[in-house]
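Notes for the structure review
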Amino acid sequence: RHPKLMIIDTPGKEEGDSGYLNGLKESLSEINSQLGDKVQIIVGTALRELEGITTQDKSVIFEINEPVF
């Protein structure tokens, strides 16, 4: 009974080194390719390295100082 929603907040902050971020990118890409539209992934980050890990039609990227709400 998975809610089909993943929320990842500020990956790479504090403990997240480049190895962690590379692994996260690979994992999210794999989840996206296996589950596609069966899961929603929300990543709250300022890291541009994570841009484009899901299909572009699912990505929402806000510019600096652009209000989210």
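Here is a short report on the structure shown in this document. Source: prediction; values computed, not measured.

A look at the environment of Leu-50
On the secondary structure map, Leu-50 appears in the segment after strand S2 (40-44). Between the C-alpha atoms of Leu-50 and Leu-21, which are 29 residues apart in sequence, the distance is 8.1 Å. Contact partners of Leu-50, with chain neighbours within four places excluded, come to Pro-11, Leu-24, Lys-25, Val-43 and Thr-45.

Some points on the environment of Leu-28
Here Leu-28 is to be found in helix H1 (residues 18-35). By relative accessible area, Leu-28 is classed as buried at 1%. Leu-28 sits 22 residues away from Met-6 along the chain, and the two C-alpha atoms are 9.9 Å apart. With residues up to four places along the chain from it excluded, the contact list for Leu-28 reads Met-6, Ile-8, Ile-41, Val-43 and Ile-53.

Some details on H1
Taking 1.5 Å of rise per residue, 18 residues should cover 26 Å, and H1 covers 25 Å from first to last C-alpha, within 8% of that figure. Taken residue by residue, H1 has Leu-21, Leu-24, Leu-28 and Asn-32 as its buried positions. All buried residues of H1 fall inside an arc of 65° around its axis, so they share one side. Exposed residues pointing more than 90 degrees away from the buried face of H1 are listed as Glu-26, Ser-33 and Gln-34. Tucked into the core, H1 has its buried residues touching strand S1 (5-9) and S2. Of the residues flanking the end of H1, it is Gly-36, one or two places downstream, whose phi is positive at about 50°.

Parameters at a glance
- Residues numbered from 1 in each chain as written.
- Predicted model: local features only at pLDDT ≥ 70, side-chain atom pairs only at ≥ 80, totals over all residues.
- Heavy atoms only, no water.
- Helix = DSSP H or I, 4+ residues; strand = E, 2+ residues; numbered from the N terminus.
- Contact = heavy atoms within 4.5 Å.
- Buried < 20%, exposed > 50% of the residue type's maximum accessible area, 1.4 Å probe, protein only.
- Expected span 1.5 Å × (residues − 1).
- Arc of directions from axis to C-beta.

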